[in-house]
Amino acid sequence: MFIADGVEYVGVNDHEVDLFEGQYVVPNGMAYNSYVIKDKKIAVMDTVDARFTHEWLDNLERALGGRKPDYLIVQHMEPDHSANIAAFMKNYPGATIVSSNKSFTMMGQFFKTQYEDRRIVVSEGDTLSLGERTLTFISAPMVHWPEVIVTYDDKDKILFSADGFGKFGALDVEEDWACEARRYYIGIVGKYGVQVQALLKKAAALQIEKICPLHGPVLDKDLGYYLNLYNLWSSYTPETEGVVIAYTSVYGHTKKAVDTLAEKLRAKGCPKVEVCDLAREDMAEAVENAFRYSKLVLATTTYNADIFPYMRTFIHHLTERNFQKRTVGFIENGSWAPLAAKTMKGMLENSKDITFLDTSVTIRSALSDESEKQLEAMAEELCREYLAQSSETADKNNLKALFNIGYGLYVVTCNDGKKDNGLIVNTVTQVTSTPNRVAVTINKANYSCHVISRTGRMNVNCLSTDAPFSVFETFGFQSGRNTDKFASCGFEPLRSDNSLIFLPRYINSFMSLKVEQTVDLGTHVMFICEVTEARVMSDTETMTYSYYHANVKPKPKTEGKKGYVCKICGYIYEGDELPEDFICPLCKHGAADFEPIA
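> Sorry if this is basic, but what is going on with the overall build of the protein here?
When you go through the protein residue by residue, the secondary structure sums to 15 helices and 35 strands. A compact globule built from 598 residues should have a C-alpha radius of gyration of about 25 Å, and the protein, at 28 Å, falls within 12% of that. Projected onto its principal axes, the C-alpha coordinates of the protein cover approximately 85 × 75 × 45 Å. When the 598 residues of the protein are sorted by exposure, 55% land in the buried category. Long-range contacts, defined as pairs at least 24 residues apart, comprise 68% of the intrachain contacts of the protein with a sequence gap of at least 6. For the protein, the centre of its 63 positive side-chain charges and the centre of its 79 negative side-chain charges are spaced 2 Å apart.

Below, the structure written as structure tokens:
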């Protein structure tokens, strides 16, 4: 398989395997990828599983075309990639192994030699010249073993990503990438989100045109799509709005409650409902769904004064992979002493940023009028924001939205006639209550100010405390004049009656505003507006300016630097004096929002 001029695929497809790593069902097999880079010198990227030694060596020999390899680069020591190191070195005694120090330690464990006389030890930032191209090595510990490195080819802009961006499935089978890549990531790499985020930040500094993983296809189109998914998965951000109901049922009564809840959720506008029978369905698929969707309901019986074994196993799979940033509810069934909800909640109590529903459902043997009412209340609580998002079911005159105005942070959205735009503001104020008028003040330097002055309409999205820093990066640190901010926001936006966007996540309410008059404040314009629509999505607290600084904004890296730091975005101006007219190039705030580096 041709990857680029001088880069070829020499991996193998495995249709013999039924369980990858002894636990993951792989109906379409696996691919063990290996690559050859041919320049003045030749580098082979990783080996393959032990069961395919001769097939791989044949592939390698054909690709080499009579030449001999100079280097074997070992990025990852898991046996499905490293098993043929000894066979390679026996066949090509003139070659040198290039890998991390930890990899050579593991080679000693696997092969009883660390190849001291035929090795190059590399670490972060080290390079290897092959002739016209230079390979740069990037440390990627715990993605997903501690010895892992990834490799960047500067000539063809290729990132050889080890297990990163891999998926289940052989390469000779057509299937959706995201489904099997998500199941692969959550199952195998999911615990190490922090480490994957660190690798993504390193990758962001590279110009990447192709990604060559050790499992799955070469990625050479729409890389932003794959990078965005990896960012969502590794930051534990819900990828899709919806509810997963994971359950076990002994005699069918818990299942009946689950089916009833699923019907109620669909009727109330829940965009997606996934029901997983943990005793019968693929556990890895159920775990994948729990990480994919924004909300989870766990339903099980009290069993031996504990919970049903499949449910305990499921929750263990979640917690060991750092399950977080989700809304969770409980349905318990017990004929004489229901304990399941308490047990399940206890298993999740150390998970980060879990919002537990106020409503729990307790069934005593079978559904009753009381537990039916609890199911209805749970469905209402789960679907509150979905009801508010839908034009058909929303209360569009819920002026409680005005109570969420404070010294908070907001995303103001507008449209210039060609594309949507949004920006962060902290200057929204209710000015009258009869009629309801709101003032929004925007810097003239912002493109949105120009758009709103011309169109006379906007939406104000009240950010809630669950909004991540990426929201501020997207809407606060770039100009909408030359950037489509919604192309990279990570979610599908929704529209209010005025046809403008409102955010489906990270807000507790929004208001549609019609400009009645403007006040020129020199550097800013104050828009005094009529409220034409107001919806409340949740009771989550509004993101305040102080909360943002204390809990959301990363601490700027000022060590060893002299100058001034922006209190809004962390931009560092290095110099003895900050000009009075200085404007932050990231967030566009002026010198008044800078402070000296202590």
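Alright, that's what it looks like, and here's the rest.
> I'm lost on the side chain of K268 in this one. Help?
For K268, the position within the fold is in the loop between helix 8 (253-267) and strand 18 (273-277). Under the relative-accessibility criterion, K268 is labelled buried at 14%. For K268, the residues in contact, after removing those within four places along its chain, are E376, A379, E380, C383, Y386 and L387.

> How should the side chain of S161 be read in this particular structure?
Of note, S161 is situated in the loop between strand 15 (158-160) and helix 5 (177-189). In this structure S161 touches V150, I211, C212 and P213, once residues within four positions along its chain are discounted.

> How should I be thinking about the packing of helix 8 against helix 12 (residues 369-389) in this particular structure?
The relative placement of two packed helices comes down to the angle between their axes together with the axis-to-axis distance. Contact pair helix 8 / helix 12: the axes reach a minimum separation of 9 Å and the direction vectors enclose 40 degrees. Taken together, the axes of helix 8 and helix 12 lie oblique to each other. Where helix 8 crosses over helix 12, the two elements pack in a sense that is right-handed. The residues of helix 12 that touch helix 8, namely those facing A257, T260, L261, K264 and L265, are E372, L375, E376, M378, A379, L382 and C383. The residue inventory of the contact of helix 8 with helix 12, partitioned by class, reads eight nonpolar, one polar and three charged.

> Looking at this structure, I do not really get the pattern of salt bridges. What am I missing?
Any two side chains of opposite charge can pair, on the condition that their charged atoms come close. This structure, assessed with the given rule, holds 30 salt bridges. One salt bridge in this structure joins K202 and E124, with 3.0 Å as the shortest N-O distance. Of this pair, K202 sits in helix 6 (residues 193-204) while E124 sits in the loop between strand 11 (119-121) and strand 12 (127-129), and the two are 78 residues apart along the sequence. A salt bridge links R182 to E239, with the shortest nitrogen-to-oxygen separation between them at 2.8 Å. One end of the pair, R182, is in helix 5; the other, E239, is in the loop between helix 7 (223-234) and strand 17 (240-247), and 57 residues separate them in sequence. In this structure R182 comes out as buried when scored by relative accessible area, which is 3%. You can call E239 buried: its relative accessible area is 16%.

> Explain the sheet that holds strand 33 (residues 563-566) to me, please; I cannot follow it from the model alone.
Within a sheet, neighbouring strands are paired by backbone hydrogen bonds and run either parallel or antiparallel to one another. One open sheet holds the three strands; their spatial order is 34-33-35, and the pairing between them is antiparallel. Each of the sheet's edge strands pairs with one partner strand only, and the pair in question is strand 34 (572-574) and strand 35 (594-596). Adjacent strand axes in the sheet meet at a mean angle of 25 degrees, parallel and antiparallel pairs treated alike.

> Would you explain the sheet that holds strand 15 in this entry?
Taken in spatial order, the five strands of this open sheet run 12-13-14-15-16, and their pairing is mixed. Sheet topology places strand 12 and strand 16 (210-212) at the edges, where each strand pairs with a single neighbour. Sheet twist, expressed as the average angle between the axes of neighbouring strands with direction ignored, equals 20 degrees.

> Would you mind showing me how to read the pairing of strand 26 (residues 428-433) here?
Looking along a regular strand, one sees the side chains alternate between the two faces of the sheet. Bridge count for strand 26 against strand 27 (residues 436-443) is five bridges, and the pairing is antiparallel. Paired with T429 across the two strands is A439, which belongs to strand 27. The antiparallel pairing of strand 26 with strand 27 creates a hairpin that spans two residues between the two strands.

> Just checking my understanding: could you explain the nonpolar core for this structure?
Among soluble globular proteins, nonpolar side chains are generally buried collectively. With 90 residues, the main nonpolar core has L296, L298 and F314 as its most contacted residues. In contact with L296, other than residues within four places in its own chain, are V244, A246, A290, F314, L318, F323, T327, V328 and G329. Membership of the second largest hydrophobic core comes to 35 residues, among which are F469, L503, Y506 and F582.

> Mind showing me how you'd approach the pairing of strand 10 (residues 96-99) here?
A two-sided burial pattern is seen for strand 10, the buried positions comprising T96 and V98 on one face and I97 and S99 on the other. Inspection of the sheet shows strand 9 (residues 71-73) paired to strand 10 by three bridges, in the parallel sense. Note on strand 10: the bridge partner recorded for I73 is V98. Pairing of strand 10 with strand 11 involves three bridges; the strand directions are parallel. Across the sheet, I97 pairs through a bridge with R119, a residue of strand 11. In this view, the connection linking strand 10 to its parallel neighbour strand 11 by way of helix 4 (residues 101-111) has right-handed handedness.

Rules and cut-offs
- Residues numbered from 1 in each chain as written.
- Predicted model: local features only at pLDDT ≥ 70, side-chain atom pairs only at ≥ 80, totals over all residues.
- Heavy atoms only, no water.
- Helix = DSSP H or I, 4+ residues; strand = E, 2+ residues; numbered from the N terminus.
- Rg over C-alpha atoms; globule rule 2.2 N^0.38 Å.
- Buried < 20%, exposed > 50% of the residue type's maximum accessible area, 1.4 Å probe, protein only.
- Contact = heavy atoms within 4.5 Å.
- Lys, Arg positive; Asp, Glu negative; His and termini not counted.
- Charge placed at Lys NZ, Arg CZ, Asp CG, Glu CD.
- Axes fitted to C-alpha atoms, helices over the stretch in contact; angles between N-to-C directions.
- Parallel < 35°, antiparallel > 145°, perpendicular 65-115°, else oblique.
- Left-handed = near helix turned anticlockwise from the far one by under 90°.
- Nonpolar A, V, L, I, M, F, W, Y, C, P; charged D, E, K, R; others polar.
- Salt bridge = Lys/Arg side-chain N within 4 Å of Asp/Glu carboxyl O.
- Pairing = 2+ DSSP bridges.
- Core = buried A, V, L, I, M, F, W, Y, C linked by side-chain atoms within 4.5 Å.
- Right-handed = clockwise from strand over helix to strand, strands pointing away.

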